[in-house]
Amino acid sequence: MRNFEGDSIELLVVGPAFLEAFVPSGVTPLPGTEQYVPSIPIGLGGALNAASVAAALGISTGFMYPRTSWVVDGAIEECCRRTGIRAIPWGSASEPFVTLVWTDARDRAFISSGDWDSFDRCPAFPPARWVHVGGLIECRLLESRIAEAAAAGCRTSSCAGWNLPILDSLGAGQLPFLDVLFMNQAEAEQVSGGVEDALRLLPGQVARDVVVTLGSEGAVGVVGGRRVAASAPAVETVDPTGAGDAFAAAFASGFIIAERQGVAGNPEEIVAGACRVASRVVGIRGGVVIDPVQVTSR
């Protein structure tokens, strides 16, 4: 296990870790009734998804998240300990972050809650090469912290996240400018009407680079002013939850590893590698990776 004493953080992931309960598909009990199912899987998710994938890829990873003073905090700390992630909790939220997940092999839906006011107490980020913020909700709440990191020379990124008011305000100057914004196809269509329109309008306006993930079709983006695209390997999908987080973590990790080697990262190769990592994560339940073999095996 990596020892972080005196060790720098290459990728800092910032955002809440959600306690996730996976509701079996098709289960809709009537009021006043109780329906038993074989199992209701429970796990951790949220920004911890991306942190776990980066750690599995060998990146020195820090995870900065709001402490909740609930029993779930112990699970987060244990997950970080087992994966070699540096846990950096702050403050104390009044409620834990919780998500109910409905998922099948094609897509997923969420009902989520949490104490977003806790982000007002987020301290300055520790030094890192790259800061990835879990979603645009967090970006809005942490705008000043992201600006501080960018001013210090840190690269910044975020996943869009399906929040209609935030998506509808994208491009209106209400969010911090990022180095990279990751979106899925539905988010790109909501913001710009289509994937091609998003890639034409958003790079340089909301982020320097914009990458749109297309599920089983791979990903397409504008990176460093160049259009890039990659297909995704054909795999059997167990659960698509966390695929976008995995893609973002692998994308950042690809550039970080290139920096270690003193070379410029190849955007086409990095996007293709991120597609491969995401395709492995959809083969497991949930997006938190405990076993590095799950994302590094060929």
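Because the structure is a prediction, the values reported are computed rather than measured.

Cut-off values and rules
Residues numbered from 1 in each chain as written. Predicted model: local features only at pLDDT ≥ 70, side-chain atom pairs only at ≥ 80, totals over all residues. Heavy atoms only, no water. Helix = DSSP H or I, 4+ residues; strand = E, 2+ residues; numbered from the N terminus. Rg over C-alpha atoms; globule rule 2.2 N^0.38 Å. Buried < 20%, exposed > 50% of the residue type's maximum accessible area, 1.4 Å probe, protein only. Contact = heavy atoms within 4.5 Å. Areas by Shrake-Rupley, 256 points an atom, 1.4 Å probe, with all protein chains shown as cover. Core = buried A, V, L, I, M, F, W, Y, C linked by side-chain atoms within 4.5 Å. Pairing = 2+ DSSP bridges. Axes fitted to C-alpha atoms, helices over the stretch in contact; angles between N-to-C directions. Salt bridge = Lys/Arg side-chain N within 4 Å of Asp/Glu carboxyl O. pLDDT = per-residue confidence, 0-100. Polar contact = N/O pair within 3.5 Å; in protein donor to acceptor, adjacent residues only side chain to side chain. Phe/Tyr/Trp six-rings, centres within 6.5 Å; stacked < 30°, edge-to-face > 60°.

Undergrad: What is the right way to read the overall build of the chain from this model?
TA: Looking only at helices and strands, the chain has ten helices and 13 strands in total. Over its C-alpha trace the chain gives a radius of gyration of 18 Å, about what one expects of a compact globule, namely 19 Å for 298 residues. Summarising its shape, the C-alpha atoms of the chain cover approximately 60 × 45 × 40 Å along the three principal directions. The proportion of buried residues among the 298 residues of the chain is 51%. Taking the contacts inside the chain whose residues are at least 6 apart along the sequence as the reference set, 69% of them involve residues at least 24 apart. Split by element, the accessible area of the chain, about 13400 Å² in all, is 53% carbon and sulfur.

Undergrad: How do you make sense of the nonpolar core when you look at a structure like this?
TA: Among the nonpolar cores identified, the biggest contains 50 residues, and L48, F63, F247 and F251 are the most heavily contacted of them. By residue number, the principal contributor to this core is helix α8 (residues 243-260), which donates nine residues. If we skip the residues at most four places from it in the chain, F251 touches W130, V180, F182, V211, V223, I270, V271 and A274.

Undergrad: In this structure, what is going on with the sheet that holds strand β4 (residues 61-66)? I would like to understand it.
TA: What holds strands together in a sheet is hydrogen bonding between their backbones, with the strands either parallel or antiparallel. Spatial strand order, β5-β4-β1-β8-β9-β10-β11-β12-β13: nine strands in an open sheet with mixed pairing. Across the chains shown, the open sheet's two edge strands, defined by having one partner strand only, are β5 (86-90) and β13 (226-230). Geometrically, the sheet is characterised by an average inter-axis angle of 20° between neighbouring strands, direction not taken into account. By the bridge criterion, five bridges tie strand β12 (residues 219-223) to β13 in an arrangement that is antiparallel. In the strand pairing of β13, V220 is matched with A229. On top of the sheet, helix α1 (residues 48-56) reaches β1 (9-14), β4 and β8 (128-133); it is set at about 165° to β4, its chief contact. Packing of α8 onto the sheet brings it into contact with β1, β8, β9 (155-159), β10 (178-184), β11 (207-213) and β12, and relative to β8 it is tilted by some 170°.

Undergrad: Any chance you could explain α1 here in plain terms?
TA: An α-helical segment advances 3.6 residues per turn. Residues three or four places apart therefore align on the same side. Of all nine residues making up α1, nine are buried, and the element is well covered by its neighbours. Where α1 is concerned, the buried positions are L48, N49, A50, A51, S52, V53, A54, A55 and A56.

Undergrad: I would appreciate a short explanation of the pattern of salt bridges in the present structure.
TA: If the charged atoms of two oppositely charged side chains come close together, the side chains can form a pair. Considering all chains together, one arrives at eleven salt bridges under this definition. Close ionic contact of E259 with R129 constitutes a salt bridge, the shortest N to O distance being 3.8 Å. Of this pair, E259 sits in helix α8 while R129 sits in strand β8, and the two are 130 residues apart along the sequence. Since its relative accessible area comes to 35%, R129 is described here as partly exposed. Taken together, the shared-partner salt bridges connect E10, R129, R155, E259 and R260 into one network.

Undergrad: Honestly, the confidence of the model for the chain in this entry has me stumped. Any pointers?
TA: Note that predicted coordinates carrying low pLDDT should not be read in detail. With 96% of its residues at a pLDDT of 70 or more, the chain shows a mean pLDDT of 91. Below pLDDT 50 for its whole length, residues 1-6 participates in 15 contacts with residues either more than four positions away or in separate chains.

Undergrad: Explain the side chain of D209 here, please?
TA: The topology assignment puts D209 in strand β11. Only 3.0 Å separates the side chain of D209 from the side chain of R208, close enough to count as a polar contact. The residues touching D209, leaving out its near neighbours within four places in the chain, are D179, V180, L181, V222, V223, G224 and G225.

Undergrad: Could you clarify how one ought to interpret the packing of aromatic side chains in this entry?
TA: To describe a pair of aromatic rings, you give the distance between the ring centres and the angle between the ring planes. Under the defined criterion, the tally for this structure stands at ten aromatic pairs. Plain terms: the ring middles of F63 and Y65 are 4.8 Å apart, the flat faces sit at 20° to each other, and that makes the pair stacked. Of the two residues, F63 and Y65, both sit in the buried class. One aromatic cluster is present, built from ring pairs that chain together F18, W90, F97, W116 and F119.

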